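Working through the structure, step by step
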Amino acid sequence: MPIIVNLDVMMARRKMSLNELSERVDLTLSNLSILKTGKARAIRFSTLDAICKVLDCQPGDILEYRDNAHSGMTPE
Amino acid sequence: MSKSNRFVFIALNVVAWIIFVGLCIEAGALLVNFVYSLFKPEVVGNLYEKLDLSQIYNINQWVYFGLYGFILFISVLKAYLFYVVIVLLLKFDIEKPFSNFASAQITKISYVTLAIGIISFVARQITMGLTHYGFDTSPLDRFWADSKAFILMAAVVYVIATIFKRGVELQNENDLTV
């Protein structure tokens, strides 16, 4: 999928661990892990809202569109 | 799950077990009778549940073996059908029903039901044809009286299996939504 989740980058910038983020956004570790590893098929606005609030960022900082044709990646 | 639903589920489980045991006994008895009749042909007049196939046997042994093969195959398939139902009921999680396992089992039930229906229908047509050659096939009618019902049931179960497959996809999508 050409949507890249940059959650780990934002977490590193804010020096926040997955456990801490999980507690603060009230999401389970497994769900956060699904999101971080790019396995998620969809993300709720409420989840995005909570993550952006805690990491003090914009949705665009977490989600990125990268065209497969330009990046040389094969589509899933 | 509500209390009444749980009760219905347990009752269905018990009924499925009773039917499965009954069908296993029937299939086993028919199999034993068949093997016994190979070595002692006198018993064809008094088979399982007073089934009398002596007239067919006396006219042509191969017709007897063919028709008995149909009876045996249908009985074994019916027992297998309820084995699949029991495995499904044992492993079915009512809290999270849409699993790949449940979908595969329901699809298997539809295929086995269709096989029973088609084989019963073919057997029924063959026995109807045999009556023109002087064979008395009336004692066998009860074994394939419900062939059309099985074919109809297979169609209904197949539709349910297809809905289940879509349900599994939706469940997976829901599980991967954070």
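Residues numbered from 1 in each chain as written. Chains lettered and ligands numbered in written order. Predicted model: local features only at pLDDT ≥ 70, side-chain atom pairs only at ≥ 80, totals over all residues. Heavy atoms only, no water.

1. Some thoughts on the overall build of chain A
Secondary structure assignment for chain A yields six helices and two strands. In chain A, the order of α-helices and β-strands from amino to carboxyl end is β-α-α-α-α-α-β-α. Across the 76 residues that make up chain A, the buried fraction comes to 32%. Across chain A, the fraction of contacts at a sequence separation of at least 24, relative to all contacts at a separation of at least 6, is 63%. (Helix = DSSP H or I, 4+ residues; strand = E, 2+ residues; numbered from the N terminus. Buried < 20%, exposed > 50% of the residue type's maximum accessible area, 1.4 Å probe, protein only. Contact = heavy atoms within 4.5 Å.)

2. What to know about the packing of aromatic side chains
To describe a pair of aromatic rings, one takes the distance between the centres and the angle between the planes. All names here are of chain B. For the structure on display, the rule yields 14 aromatic pairs over all chains. Aromatic pair Phe 20 and Tyr 83: ring centres 6.2 Å apart, planes at 40°, arrangement tilted. Linking Phe 20 in helix H1 (residues 3-39) with Tyr 83 in helix H3 (residues 61-91), this pair joins segments that are 63 residues apart in sequence. Note on Tyr 83: relative accessible area 43%, which makes it partly exposed. (Phe/Tyr/Trp six-rings, centres within 6.5 Å; stacked < 30°, edge-to-face > 60°.)

3. Brief notes about the side chain of A:Ser22
Looking at the element boundaries, A:Ser22 is found in helix H2 (residues 18-25). Discounting residues that sit within four places of it in the chain, A:Ser22 has contacts with A:Leu27, A:Thr28, A:Leu29 and A:Leu32.

4. Side note on the confidence of the model for chain B
Residue and element names in this part refer to chain B. This prediction gives chain B a mean pLDDT of 89; 99% of its residues lie at or above 70. Helix H4 (residues 100-130) holds the highest mean pLDDT among the elements of chain B, 93, whereas helix H2 (residues 54-59) holds the lowest, 83. Scoring of the predicted complex yields 0.77 for pTM and 0.72 for ipTM. (pLDDT = per-residue confidence, 0-100.)

5. Some details on the nonpolar core
Counting 46 residues, the largest nonpolar core has B:Leu53, B:Ile56, B:Tyr64, B:Tyr68 and B:Leu140 as the members making the most contacts within it. Taken together, the elements giving at least two residues each to this core come down to H1, H2, H3, H4 and helix H5 (147-175) of chain B. If you tally residues by element for this core, the top one is H3(B), at 15 residues. Residues within four places of B:Leu53 in sequence aside, it is in contact with B:Val44, B:Gly45, B:Leu47, B:Tyr64, B:Tyr68 and B:Leu140. Within the second largest apolar cluster, 20 residues are counted, among which are A:Val5, A:Ala40, A:Cys52 and A:Leu55. (Core = buried A, V, L, I, M, F, W, Y, C linked by side-chain atoms within 4.5 Å.)

6. Observations concerning the pattern of salt bridges
According to the stated counting rule, one finds six salt bridges over all chains in the structure shown. Put simply, A:Lys53 and A:Asp49 hold a salt bridge, and the shortest N to O gap is 3.8 Å. With A:Lys53 and A:Asp49 both in helix H4 (residues 45-55) and four residues apart, this pair spans about one turn of that helix. Judged by relative accessible area, A:Asp49 falls into the partly exposed class, the value being 44%. The closest approach of N and O atoms between B:Arg166 and B:Glu169, which form a salt bridge, is 2.8 Å. Of this pair, B:Arg166 and B:Glu169 both sit in helix H5, three residues apart, roughly one helical turn. (Salt bridge = Lys/Arg side-chain N within 4 Å of Asp/Glu carboxyl O.)

7. Comments concerning the packing of H3(B) against H4(B)
All names here are of chain B. Between H3 and H4, whose axes approach to 10 Å, the crossing angle comes to 160°. Looking at the two axes, H3 sits roughly antiparallel to H4. Between H3 and H4 the crossing geometry is left-handed. Residue classes in the contact of H3 with H4 are distributed as 24 nonpolar, four polar and three charged. (Axes fitted to C-alpha atoms, helices over the stretch in contact; angles between N-to-C directions. Parallel < 35°, antiparallel > 145°, perpendicular 65-115°, else oblique. Left-handed = near helix turned anticlockwise from the far one by under 90°. Nonpolar A, V, L, I, M, F, W, Y, C, P; charged D, E, K, R; others polar.)

8. Overview of a nonpolar patch on the surface
There is a patch of nonpolar side chains on the surface, built from B:Leu114, B:Ile118, B:Phe121, B:Val122, B:Ile126 and B:Ile151 and spanning about 420 Å² of accessible area. Among the structural elements, B:Leu114 can be located in helix H4. (Patch = residues over 30% accessible without salt bridge, like charges linked within 9 Å, V, L, I, M, F, W, Y side chains within 5 Å. Areas by Shrake-Rupley, 256 points an atom, 1.4 Å probe, with all protein chains shown as cover.)

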